[in-house]
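# An overview of the molecular structure
Listed below are the residues making up each chain.
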Amino acid sequence: LRRSIDFMKLNFLLFFQTQSADIVALHITGNDDAALCECLEIDKAQLAALNIRALGFVDNLAQTIAEHALVLSPTTMGVGIRVKVVEAMSQGALVVLSPLDYAMCSFFRDGQNVITYHNYAEFQAKVTEILTNPAKAQAIRHQAFEDAKTHFNWQNLIDQILEEK
């Protein structure tokens, strides 16, 4: 968690400082304002000035994903498939992944069905491009949906369970 927060503080906050509040807002699930301010070591006024909003725990992740332009998964440790990534892809969302998240599935293809980054400059360039290129964004959304439908369905799950026996 600390590495994720440090990366976010050093990199994503720089990005949001350079963006117009009318264009880019960061909505974070799972934390309230107080917890987010403590983690980021900023106060509520700075949080508001950066256009960062803490959504807390959401009742309906699918609805929350549908209401936003892209889904960011900045994971720096852990294993396995993150449900939020698959859920976002299944809705045809733009999904931006850390290198660790990108490595979790062999069918992820940078710039085709997801977006990945390795440093702040790459994150900034790719997110800026996708936010200003609706045709490319739509192509990635479409492919994300198709790949989620193909790779994460009940038949595939049943096949995997039967292979393990």
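Summary of the structure given here. (Residues numbered from 1 in each chain as written. Predicted model: local features only at pLDDT ≥ 70, side-chain atom pairs only at ≥ 80, totals over all residues. Heavy atoms only, no water.)

### Quick notes on the overall build of the protein chain
- Scanning the protein chain from N- to C-terminus turns up nine helices and five strands.
- Mapped in sequence order, the helices and strands of the protein chain form the string α-β-α-α-β-α-β-α-β-α-β-α-α-α.
- For the protein chain, the residues scored as buried account for 35% of the 165 residues in total.
- Look at the contacts in the protein chain between residues 6 or more apart in sequence, and 59% of them connect residues 24 or more apart.
- Counting every atom, the protein chain has about 9,500 Å² of accessible surface; 56% of that belongs to carbon and sulfur. (Helix = DSSP H or I, 4+ residues; strand = E, 2+ residues; numbered from the N terminus. Buried < 20%, exposed > 50% of the residue type's maximum accessible area, 1.4 Å probe, protein only. Contact = heavy atoms within 4.5 Å. Areas by Shrake-Rupley, 256 points an atom, 1.4 Å probe, with all protein chains shown as cover.)

### A closer look at the packing of aromatic side chains
- Applying the stated rule across the entire model yields four aromatic pairs.
- Both rings, one in Tyr117 and one in Phe123, keep their centres 5.4 Å apart while their planes meet at 80°; by these two values the pair is edge-to-face.
- Taking the relative accessible area as the measure of exposure, Tyr117 reaches 2% and is therefore buried.
- Overall, the relative accessible area of 4% leaves Phe123 in the buried class.
- In textbook terms, an aromatic cluster arises when at least three aromatic residues are bridged by ring pairs, as seen for Tyr102, Phe107, Phe108 and Phe152. (Phe/Tyr/Trp six-rings, centres within 6.5 Å; stacked < 30°, edge-to-face > 60°.)

### Regarding the side chain of Lys126
- Along the chain, the position of Lys126 falls in helix α7 (residues 120-132).
- In this structure, Lys126 is in contact with Asp110, Ile115 and Thr116, ignoring residues within four places of it in sequence.

### Some remarks on a nonpolar patch on the surface
- There is a patch of nonpolar side chains on the surface, built from Trp154, Ile158 and Leu162 and spanning about 390 Å² of accessible area.
- Looking at where Ile158 falls in the secondary structure, it is placed in helix α9 (residues 154-164).
- Here Ile158 falls in the partly exposed class, since its relative accessible area comes to 41%. (Patch = residues over 30% accessible without salt bridge, like charges linked within 9 Å, V, L, I, M, F, W, Y side chains within 5 Å. Salt bridge = Lys/Arg side-chain N within 4 Å of Asp/Glu carboxyl O.)

### Concerning the pattern of salt bridges
- Overall, the coordinates contain five salt bridges when judged by the stated rule.
- A salt bridge links Asp147 to Arg109; the nearest nitrogen and oxygen atoms lie 3.3 Å apart. Within this pair, whereas Asp147 is found in helix α8 (residues 134-151), its partner Arg109 is found in the loop between α6 (99-102) and β5 (115-116), the two being separated by 38 residues in sequence.
- Here Arg109 falls in the partly exposed class, since its relative accessible area comes to 30%.
- If you follow the salt bridges from partner to partner, you end up with Asp110, Glu122 and Lys126 in one network.

### Considerations on α7
- Given a rise of 1.5 Å per residue, 13 residues ought to cover 18 Å, and the 18 Å separating the end C-alpha atoms of α7 matches this to within 8%.
- Of the residues making up α7, those classed as buried are Tyr120, Phe123, Lys126, Val127 and Ile130. Down the axis of α7, the buried set is contained in an arc of 140°. They therefore lie on one face. For α7, the exposed residues set more than 90 degrees away from the buried face come down to Ala121 and Thr132. (Expected span 1.5 Å × (residues − 1). Arc of directions from axis to C-beta.)

### Things to note about the nonpolar core
- The biggest cluster of nonpolar side chains holds 15 residues, and the ones touching the most others in it are Val85, Ala88, Met89, Val95, Leu97, Phe108 and Val114.
- Among the elements that line this core, the one with the most residues is helix α5 (residues 83-90), at three residues.
- Leave out the neighbours within four places in its chain, and Val95 touches Val71, Val85, Ala88, Met89, Val114 and Ile115. (Core = buried A, V, L, I, M, F, W, Y, C linked by side-chain atoms within 4.5 Å.)

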